[in-house]
Amino acid sequence: IRDRYQRRVHGVDCRSVALLGGQHRVDHSAEVNHSSAGTASHVAVHAALGGRSATSFDAKVRIDAAGGGSSAHCADRNLLLSPLASVSPSRPVLEIFADDVQATHGVAVGGLDGPSLDYLSARGIPVPRARQLLTRAFLSAKDVAPPPSVLSAAPLLKSDLQEWLRHPPACSDDPSAAEMGGGPPE
């Protein structure tokens, strides 16, 4: 999947959630140019990766000298659910040539941490269910939640997420498949 945004608009809001397993790969690419004052952009990707899946993120946000008063947010967040999953490369780039702007960018890659799983387990939640809950929380974060313009699709997205969490795609040699609660339905 390759997305490119080069329209002249007052703002861009690009949010993406990727649920990957097996040997699937998704490459995210975005380019935003703030060429006038007071524009806004939001580019955010959250990916949950199981099996041998992989993702990359290449985003460039540029604020030209005439783009004063603009705001830009660019983030790539990845949850590795398998030791065989990978994120490479991840490049959120900001080029700022104006004063008085608000701009953030970042990358996060990690797995589910032991203390969070232990906390839920100590409260009677089985580890596979705890992994599902933490993954759902990660994928439902505020910066990737559907904007009001696409809320009509939210129930469909939620049902897809629930199905993926119940039966995450797995690779036969993926040691995390059993921990997530199994592989595909039989």
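How each quantity is defined
Per chain, the residues get numbers from 1 upward, laid out in the order the sequence is written. Side-chain atom pairs in this predicted model are given and counted only at pLDDT of 80 or more, local residue features only at pLDDT of at least 70, and totals for whole chains, interfaces and linings cover all residues. Hydrogens and waters are ignored; side-chain quantities use all the structure's heavy atoms. A run of H or I in DSSP becomes a helix once it reaches four residues, and a run of E becomes a strand once it reaches two; helices and strands are each numbered from the N terminus. For every residue, the accessible area (1.4 Å probe, protein chains only) is compared with the maximum for its type, and the residue is labelled buried under 20%, exposed over 50%, or partly exposed between those bounds. In this description, contact between two residues means that some pair of their heavy atoms is separated by no more than 4.5 Å. Only the protein chains shown count as cover for residues, with accessible areas throughout obtained via the Shrake-Rupley method and a probe of 1.4 Å. Buried residues of nine kinds, namely Ala, Val, Leu, Ile, Met, Phe, Trp, Tyr and Cys, make up a nonpolar core once their side-chain atoms join them within 4.5 Å. Strand pairing requires that DSSP identify at least two bridges connecting the strands. Every axis in this analysis is a line fitted to C-alpha atoms, fitted for helices over the stretch in contact. Angles between the N-to-C directions lie between 0 and 180 degrees. Identification of polar contacts relies on pairs of N or O atoms within 3.5 Å, with a donor-acceptor requirement for protein atoms, meaning one able to donate a hydrogen and the other able to accept it, and with residues adjacent in sequence counted only if both atoms are side-chain atoms.

## A few points about the overall build of the protein chain
Here's step 1: Along its length, the protein chain carries 4 helices and 7 strands.
Here's step 2: Reading the protein chain from its N end, one meets helices and strands in the order β-β-β-β-β-β-β-α-α-α-α.
Here's step 3: Looking at the protein chain as a whole, 37% of its 186 residues are labelled buried.
Here's step 4: Partitioning the intrachain contacts of the protein chain with sequence separation of at least 6 by distance along the chain shows that 80% fall at a separation of at least 24.
Here's step 5: Summing over all exposed atoms, the protein chain offers an accessible surface of approximately 10000 Å²; the carbon and sulfur share of this is 54%.

## Remarks on the nonpolar core
Here's step 1: Among the nonpolar cores identified, the biggest contains 13 residues, and Val 32, Val 43, Phe 57, Ala 59, Val 61 and Cys 74 are the most heavily contacted of them.
Here's step 2: Put simply, the parts of the chain that give this core at least two residues each are β1 (11-20), β2 (25-34), β3 (40-49), β4 (54-63) and β5 (71-80).
Here's step 3: Of all the elements, β4 adds the most residues to this core, at 4 residues.
Here's step 4: For Phe 57, the contacting residues outside a window of four places in its chain are His 28, Val 43, Val 45, Cys 74, Ala 75, Asp 76, Pro 89, Ser 90, Arg 91 and Pro 92.
Here's step 5: One finds Ala 18, Leu 20, Val 26 and Ala 85 within the second-largest nonpolar core, a separate group that totals 6 residues.

## Quick word on the sheet that holds β2
Here's step 1: Here 3 strands make up an open sheet; going across it, the order is β2-β4-β6 and the pairing parallel. A single partner strand is all that each edge strand has here, and the edge strands are β2 and β6 (86-96). Averaged over all adjacent pairs, the angle separating strand axes in this sheet is 0°, with direction ignored.

## Some remarks on unusual backbone geometry
Here's step 1: Following Ser 88, the chain continues to Pro 89 via a peptide bond in cis, the omega torsion being -20°.
Here's step 2: Among the secondary structure elements, Pro 89 is positioned in strand β6.
Here's step 3: The phi torsion at Asp 100 lies on the positive side, around 55°, for a residue other than glycine.
Here's step 4: Secondary-structure assignment places Asp 100 in the loop between β6 and β7 (102-110).
Here's step 5: Residue Asp 100 is classed as exposed on the basis of its relative accessible area of 66%.

## A word on the side chain of Asn 78
Here's step 1: With respect to the helices and strands, Asn 78 occurs in strand β5.
Here's step 2: A relative accessible area of 4% means that Asn 78 is categorised as buried.
Here's step 3: A polar side-chain atom of Asn 78 sits 3.2 Å from a polar atom in the side chain of Asp 76.
Here's step 4: With sequence-adjacent residues up to four places away left out, Asn 78 is seen in contact with Ala 47, Leu 49, Thr 55, Val 87, Ala 108, Val 109, Gly 110 and Phe 138.

## Re the side chain of Thr 55
Here's step 1: Its location among the elements puts Thr 55 in strand β4.
Here's step 2: What makes Thr 55 buried here is its relative accessible area of 1%.
Here's step 3: From its side chain, Thr 55 meets the backbone oxygen of Val 26 in a polar contact 2.9 Å long.
Here's step 4: Those residues in contact with Thr 55, other than ones at most four positions away along the chain, are Leu 20, Arg 25, Val 26, His 28, Ala 47, Leu 49, Asn 78, Ser 86, Val 87 and Ser 88.

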